[in-house]
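Residue-level structural notes
Given next are the chains, with one letter for each unit.
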Amino acid sequence: MCVTVRFLVVLDADSTLIRNEVIELIADEAGRGAEVAAATEAAMRGETDFATSLRSRVEALAGVPTASFERVLARIEPTPGVADLIAAVYERGGIVGVVSGGFHEILDELAPRLGVDVWRANRLAAREGILTGAVEGAIVDAQAKADQLAAWAAEHGVAAHRTIAIGDGANDLRMIEAAGLGIAFNAKPAVRAAAPLVTSRVDLSQLIPLLP
Ligand SMILES: [Mg+2]
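Our subject in this report is the structure included herewith.

**Some details on empty space enclosed by the protein**
Over the atoms rolls a probe the size of a water molecule, and in doing so it shows where empty space is left. Tallied over the full model, the rule gives 3 cavities of 30 Å³ or more. Reported here for the largest cavity is a volume of approximately 130 Å³. If you go around the largest cavity, you meet 18 residues; those closest to its centre are D14, E21, M44, G101 and G102. Put simply, the parts of the chain that give the lining of the largest cavity at least two residues each are α1 (22–29), α2 (33–44), α3 (50–59) and β2 (94–103). It is β2 that provides the largest number of residues to the lining of the largest cavity, a total of 4 residues. Here the lining of the largest cavity is composed, by residue class, of 6 nonpolar, 5 polar and 7 charged. By volume, the second largest cavity amounts to about 50 Å³. Around the second largest cavity sit A13, D14, I18, V22, S100, F103, I106, L107 and L110, which together line it. Elements supplying a minimum of two residues to the lining of the second largest cavity: β2 and α6 (104–114). In terms of residue count, α6 provides more of the lining of the second largest cavity than any other element does, 3 residues in total. Tallied by class, the residues present in the lining of the second largest cavity amount to 7 nonpolar, 1 polar and 1 charged.

Here it is in structure tokens:
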């Protein structure tokens, strides 16, 4: 059987799919939440190189037990309207991907709960249940996000003009520019300035009328 995928919607995770920045929640477990929040904010505004910033922020997570991810997950707040948006994508024959500069360790629990089909993020190195403070493998940065959107589209036979990218941070700009429709969602100034479409209300269901 051949199922036709009509379109692809790719969302960023932190501050888009969910209200939180997960790295800040994990940093709270190390007592370094405020410091990591400030560095994350600068990276999302595009003031620092994403990969360099991520590596230094992940260093602040060294020593956090992976068992504390339960507590992190419990603090995560899905963005209002996310369930309605995802349901509407399926009704119209599309699929939903999430590509994140955050972490598989959290997204692997969260994405299936929200009904996301495919997702990709960074991985945190751990030894005997304790974070080492390193990122494993290549970093999912702005270019990797755009490349992943193109790869999912190719894999599911979706033409580039039938892709939608939604994000808030500077590391979302390349996928926003590469997508058929790029949406800055409650985004940082640099993203709002460059994105074809800008929305400030924190409610993902308002994007439903834009679906093909
Ligand atoms: Mg974000």
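**Description of the pairing of strand β5 (residues 163–167)**
Within a regular strand, side chains alternate between the sheet's two faces. For β5, a buried count of 5 out of 5 residues is recorded, marking the element as mostly surrounded by other parts of the structure. The alternating pattern of β5 places T163, A165 and G167 on one face and I164 and I166 on the opposite face, and all of these are buried. Pairing of strand β1 (residues 7–11) with β5, which is carried by 4 bridges, proceeds in the parallel orientation. Within the sheet, the bridge partner assigned to V9 lies in β5 and is I164. In this sheet, strand β6 (residues 181–185) lies alongside β5 in parallel orientation, the contact comprising 4 bridges. Across the sheet, the residue bridging to I164 is L181, located in β6. Read from β5 through helix α8 (residues 173–178) to β6, the crossover connection turns out right-handed.

**A few points about the nonpolar core**
By size, the foremost hydrophobic cluster in this structure holds 51 residues, and its most contacted members are L17, I26, L85, I166 and L211. Beyond its immediate stretch of four places on either side in the chain, I26 contacts L61, V64, F69, V72, F103, I106, L124 and L131.

**Thoughts on the pairing of β2**
When you tally the buried positions in β2, you get 10 out of 10 residues, the bulk of the element. Relative to β2, β1 is paired through 5 bridges, and the arrangement is parallel. Opposite F7, over in β2, you have G94 as the bridge partner. For β2 and strand β3 (residues 118–127), the ladder comprises 4 bridges, and the chain directions are parallel. Bridging across to β3, F103 finds its partner in N122. Where the polypeptide runs from β2 across α6 and back to β3, its parallel neighbour, the crossover connection is right-handed.

**Observations concerning the coordination of the magnesium ion**
Taken together, D12 (OD), D14 (O) and D168 (OD) make up the full set of protein donors to the magnesium ion, lying 2.1 Å away. Of note, the magnesium ion draws all its donor residues from one chain, in the sequence arrangement D-x1-D-x153-D. Of this pair, D12 sits in the loop between β1 and α1 while D168 sits in the loop between β5 and α8, placing them 156 residues apart in sequence. Comparing D12 with D168, the two get one shared label, buried.

**Remarks on the sheet that holds β1**
Sheets are built from strands that pair by backbone hydrogen bonding, the pairs being arranged parallel or antiparallel. If you trace the 7 strands from one edge of the open sheet to the other, you get β4-β3-β2-β1-β5-β6-β7, paired in mixed fashion. Two strands bound the open sheet, and with one partner strand each, they are β4 (130–136) and β7 (197–199). Geometrically, the sheet is characterised by an average inter-axis angle of 25 degrees between neighbouring strands, direction not taken into account. Helix-sheet contacts for helix α5 (residues 82–91) involve β1, β2 and β5, and the interaxial angle to β2 is about 140 degrees.

Analysis parameters
Residues numbered from 1 in each chain as written. Predicted model: local features only at pLDDT ≥ 70, side-chain atom pairs only at ≥ 80, totals over all residues. Heavy atoms only, no water. 1 Å grid on protein atoms, 1.4 Å probe; cavity = no way out; pocket = protein on both sides within 12 Å on 5 of 7 lines; lining within 4 Å. Points joined across faces, edges and corners; volume = space filled by probe spheres on them. Helix = DSSP H or I, 4+ residues; strand = E, 2+ residues; numbered from the N terminus. Nonpolar A, V, L, I, M, F, W, Y, C, P; charged D, E, K, R; others polar. Buried < 20%, exposed > 50% of the residue type's maximum accessible area, 1.4 Å probe, protein only. Pairing = 2+ DSSP bridges. Right-handed = clockwise from strand over helix to strand, strands pointing away. Core = buried A, V, L, I, M, F, W, Y, C linked by side-chain atoms within 4.5 Å. Contact = heavy atoms within 4.5 Å. Donors = N, O, S within 2.8 Å, 3.2 Å for Na, K, Ca; no water. Axes fitted to C-alpha atoms, helices over the stretch in contact; angles between N-to-C directions.

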